[in-house]
Amino acid sequence: MSVVTLPRDIMQPTAVPARRAIPGSRRPAAEGNRLTSTVPRELVHRAAVAEVFLTGWSRTADNRFALTGQWPRAHSYFTPVSRHYDPLLTAETVRQVGTLLAHAEFGVPLGAQFLMWGLHHSVRPGRAAVGAAPADLELDVICSDIRRRGSRLVGMRYEVTFYSGGQVIASGGAAFDCTSPEVYRRVRGERRTATALRPLPAALAPAVVGRFLESDVVLSPTAEPLRWQLCADDQHPILFDHPVDHVPGMVLIEAARQAAQAIDPAEPFLPVRMKSEFHRYCELDRPCWIDAEPLAPNGSGERAVRVTGLQDGALVFSCVLGAPGTPGTGTPGSTR
């Protein structure tokens with residue numbers, strides 16, 4: 001069966017027993033004396049501390065957890081959208097939840113590889129406005145379909161509800177398998193040393209995909225309508241936070257967002273709903289073709305788009321995105 005993995009560090013294996021606390025990482029019980037810091041970056045597979053959005057966690061039941069987090073008022077890539085938080089911050093936070101709990105609560109050693117099969121999110125844009133301070137988050141996480149081989153976790157699903165200011169602002173979830181570094185090396189073989197295409201194909205104009213900077217564009221034009229070539233730069237400091245041997249899943253999600261926007265550059269597309277499925281690795285050194293298909297309206301006024309990625313004729317990922325309303329209705333736009 002083909003698999004795909006989201007961005008992960010190749011760390012030196014270090015056992016982290018289930019339910020073991022990482023000193024200074026869990027949320028202290030005394031709220032009035034709490035000093036906030038991020039969780040260790042290794043637990044969410046990030047090299048840059050600035051890219052860590054979780055600040056603490058605790059177990060509330062056998063398979064239920066309370067996490068805390070924070071979104072910055074401004075981020076270099078997940079930039080605010082008409083004074084609202086970028087919905088893809090939700091997706092990245094959901095991704096970080098899974099790796100944190102796997103390492104800190106389910107005993108997955110650092111160095112294990114995570115194979116992400118699916119990731120989804122839904123955001124309430126009216127409740128996700130950027131305020132006078134960073135957004136402090138309370139996350140309720142329920143894990144299910146927990147699979148073990150002996151005492152070792154090999155995969156699970158989880159659902160996350162996001163609270164801020166006492167209100168539900170978003171929800172999401174994901175499913176993943178995890179494997180040892182040794183198995184990963186056997187599966188990937190010579191692909192582990194592959195490097196990105198050079199030179200990169202010319203990118204679309206940033207305004208076409210709702211971006212300000214050409215370096216943030218991940219699509220290149222083709223002669224076919226609603227088809228683009230992926231042109232992700234593996235030197236990008238956010239999309240490629242650390243060296244990897246394949247295109248990270250969050251880059252594919254960003255490609256889907258940009259493709260949905262590129263259908264009609266003048267019509268802002270805010271992806272408040274996304275459901276992504278990953279089928280195989282997206283290789284760095286092979287062209288990947290991104291196709292978009294507008295879907296029929298669902299009666300609620302939501303605009304929906306299906307985006308797929310093909311590499312060497314095989315399906316790499318698929319994603320359905322939904323955007324609310326139309327410009328002029330009070331719904332935030334997406335041009336950054």
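Described in the following lines is the structure provided in the data block. Only a predicted model underlies this, so the values are computations on that prediction, with no experimental measurement involved. Sequence order as written defines residue numbering, which begins from 1 separately in each chain. Local features are withheld for residues below a pLDDT of 70 in this predicted model, meaning they are given only at 70 or higher, and side-chain atom pairs are given and counted only at 80 or more; totals for whole chains, interfaces and linings count all residues. Excluded from the side-chain calculations are hydrogens and water; all other atoms, namely the structure's heavy atoms, are used.

With that settled, consider the overall build of the chain. Numbering of helices and strands runs from the N terminus, with a helix taken as a DSSP run of H or I at least four residues long and a strand as a DSSP run of E at least two residues long. Regarding its fold elements, the chain presents three helices and twelve strands. Working definition: with a 1.4 Å probe on protein chains only, accessible area under 20% of the residue-type maximum means buried, over 50% means exposed, and in between means partly exposed. Relative to its full complement of 336 residues, the chain shows a buried share of 51%. Taking the intrachain contacts of the chain between residues at least 6 apart in sequence as the baseline, contacts between residues at least 24 apart amount to 69%. In these tables, accessible area is a Shrake-Rupley quantity obtained with a 1.4 Å probe, and a residue counts as shielded only by the protein chains included in the view. Total accessible area on the chain stands at roughly 14,400 Å², and carbon and sulfur atoms take up 53% of it. Residue contacts are counted whenever heavy atoms from the two residues lie within 4.5 Å of one another.

Despite not being glycine, Ser82 shows a phi value in the positive range, around 50°. Checked against the element boundaries, Ser82 lands in the loop between strand S2 (64–71) and helix H1 (87–104). Unusually for a residue other than glycine, Asp312 sits at a positive phi of about 55°. Within the secondary structure, Asp312 sits in the loop between strand S11 (303–311) and strand S12 (314–323).

Moving on to the nonpolar core. Residues enter a nonpolar core if they are buried and are Ala, Val, Leu, Ile, Met, Phe, Trp, Tyr or Cys, with the set joined through side-chain atoms within 4.5 Å. Core analysis: the biggest nonpolar cluster contains 87 residues, and Leu67, Leu101, Val141, Tyr158, Leu230 and Ile290 have the highest contact counts within it. In this structure, Val141 is in contact with Asn63, Arg64, Phe65, Leu67, Val97, Leu101, Tyr158, Glu159 and Val160, ignoring residues within four places of it in sequence.

Aromatic contacts are taken between Phe, Tyr and Trp rings whose centres are within 6.5 Å, Trp giving its six-membered ring; a plane angle under 30 degrees counts as stacked, one over 60 as edge-to-face, and the others as tilted. Applying the stated criterion across every chain yields a total of seven aromatic pairs. The interplanar angle of 65° and the centroid separation of 5.9 Å between the aromatic rings of Phe65 and Phe106 together place this pair among those described as edge-to-face. Residue Phe65 is located in strand S2, and its partner Phe106 is located in the loop between H1 and strand S3 (113–123); the two are separated by 41 residues in the primary sequence. Residues Phe65 and Phe106 agree in their burial class; the two are buried. On the basis of an interplanar angle of 50° and a centroid distance of 5.4 Å, the ring pair of Trp71 and Tyr85 is categorised as tilted. A residue pair is termed long-range when its members are at least 10 positions apart, and Trp71 in strand S2 and Tyr85 in the loop between S2 and H1 qualify at 14 residues.

So, about the layout of surface pockets. Space inside the largest pocket adds up to approximately 300 Å³. Cavities and pockets are found on a 1 Å grid laid over the protein atoms alone: a cavity is a set of points where a 1.4 Å probe fits but cannot escape, a pocket is an open set with protein on both sides within 12 Å along at least five of seven lines, and a lining residue has an atom within 4 Å of such a point. Forming the boundary of the largest pocket are 20 residues, of which Trp117, Gly118, Arg157, Ala174 and Ala175 lie nearest the centre. Those elements giving two or more residues to the lining of the largest pocket turn out to be S3, strand S4 (135–149), strand S5 (152–164), strand S6 (167–179) and strand S9 (273–278). Looking at which element gives the most residues to the lining of the largest pocket, the answer is S6, with five residues. Tallied by class, residues from the lining of the largest pocket come to seven nonpolar, six polar and seven charged. Grid points are joined across faces, edges and corners, and a volume is the space filled by probe spheres set on the points. Classification used: nonpolar for Ala, Val, Leu, Ile, Met, Phe, Trp, Tyr, Cys and Pro, charged for Asp, Glu, Lys and Arg, polar for all others including Gly.

So, on to the side chain of Asp177. Tracing the chain through its elements places Asp177 in strand S6. The buried category is assigned to Asp177, whose relative accessible area is 18%. Definition of a polar contact: a pair of N or O atoms within 3.5 Å, with one able to donate and the other able to accept a hydrogen when the atoms are protein atoms, and with sequence-neighbouring residues admitted only if both atoms are side-chain atoms. Polar side-chain contacts of Asp177 include one of 2.9 Å to the side chain of Trp117. Polar contacts involving the side chain of Asp177 include one to the side chain of Arg147, which spans 2.9 Å. Residues in contact with Asp177, not counting those within four places in the same chain, are Gln113, Phe114, Leu115, Trp117, Arg147, Val154 and Gly155.

Throughout this description, the term salt bridge denotes a Lys or Arg side-chain nitrogen within 4 Å of a carboxyl oxygen of Asp or Glu. Following the criterion strictly, the structure yields 24 salt bridges and no others. Residue Arg147 pairs with Asp177 through a salt bridge whose shortest N-O separation is 2.9 Å. Of this pair, Arg147 sits in strand S4 while Asp177 sits in strand S6, placing them 30 residues apart in sequence. On the basis of relative accessibility, which here comes to 31%, the residue Arg147 falls in the partly exposed class. Note that Asp234 is salt-bridged to Arg198, the shortest N-O span being 2.8 Å. Taken together, the positions of Asp234 in the loop between strand S8 (227–230) and helix H3 (249–262) and Arg198 in the loop between helix H2 (181–188) and strand S7 (219–221) put the pair 36 residues apart, joining distant regions of the chain. Residue Asp234 is classed as partly exposed on the basis of its relative accessible area, which comes to 22%. If you follow the salt bridges from partner to partner, you end up with Arg188, Arg191, Asp245, Glu283 and Asp285 in one network.

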